[in-house]
Amino acid sequence: MSALERLAATIAARQGTDPDASWTAKLLAKGPEKCAEKFGEEAIEAVIEAVKGDKARLTSEAADVLYHLLVMCAARGVTLAEIEAELARREGTSGLTEKAARKP
């Protein structure tokens, strides 16, 4: 099991638990909108570090982004397995082709 899979499992296990005992439970208890807001904040922080060029800080912020992405998805019932399945579906397809297929 990868670190990302273990993280997703921990997030799933925290759903519905005591918000005073877990940051993850606290975020999930605040609802999907708050989880999305927090993900957005973390994404912006990662962008800032990418622009600055500090590899260590970017690595740290990228980890925060992945964590908050998984929390946000869990709040809406989207699992890591579903995300991985979507990535697998896209595998071998040019990003340009895949993006063009999504346009109306």
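Residues numbered from 1 in each chain as written. Predicted model: local features only at pLDDT ≥ 70, side-chain atom pairs only at ≥ 80, totals over all residues. Heavy atoms only, no water.

## A look at helix α1 (residues 3-14)
Operational definition: Numbered from the N terminus, helices here are DSSP runs of H or I no shorter than four residues, and strands are runs of E no shorter than two. To estimate the expected span of a helix, subtract one from its residue number and multiply by 1.5 Å.
For α1, with 12 residues, the first-to-last C-alpha span of 16 Å sits near the 16 Å given by 1.5 Å per residue. Just downstream of α1, G16 is the residue with a positive phi angle, here 80°.

## Some points on the pattern of salt bridges
Defined as follows: Salt bridges are identified by distance alone: a Lys or Arg side-chain nitrogen within 4 Å of an Asp or Glu carboxyl oxygen. Think of it in three bands: with a 1.4 Å probe and only protein chains considered, a residue is buried below 20% of the maximum accessible area for its type, exposed above 50%, and partly exposed in between.
One pass over the full model with this rule turns up eight salt bridges. Notably, a salt bridge pairs E33 with R76, separated by 3.4 Å at the nearest N-O pair. In this pair, E33 sits in helix α3 (residues 32-52) while R76 sits in the loop between α4 (55-75) and α5 (80-90), placing the two residues 43 residues apart along the sequence. Assigned by exposure class, E33 and R76 land together as exposed. Here E37 ties to K34 by a salt bridge, and the two come within 3.2 Å at their closest N and O atoms. Separated by three residues within a single helix, E37 and K34 lie in helix α3, roughly one turn from each other.

## A short note on the packing of α1 against α4
To be explicit about the condition: Angular values range over 0 to 180 degrees, each being the angle between N-to-C directions of two axes fitted as lines to C-alpha atoms, with helices fitted over their stretch in contact. Should an angle lie under 35 degrees it is considered roughly parallel, over 145 roughly antiparallel, and from 65 to 115 roughly perpendicular; all remaining angles are considered oblique. Crossing handedness is defined as follows: a turn of the near helix away from the far one that is anticlockwise and smaller than a right angle gives a left-handed crossing, while the clockwise case is right-handed. Whether two residues are in contact is decided by their heavy atoms, any of which lying within 4.5 Å being enough. Amino acids outside the nonpolar list (Ala, Val, Leu, Ile, Met, Phe, Trp, Tyr, Cys, Pro) and the charged list (Asp, Glu, Lys, Arg) are all regarded as polar, and Gly is one of them.
Between α1 and α4, whose axes approach to 10 Å, the crossing angle comes to 45°. In this view, α1 runs oblique relative to α4, as classed from their interaxial angle. α1 and α4 meet at a crossing whose hand is right-handed. In contact with L4, L7, A8 and I11 of α1, α4 contributes L66, Y67, L70, V71 and A74. Residues that form the contact of α1 with α4 fall into these classes: nine nonpolar, no polar and no charged.

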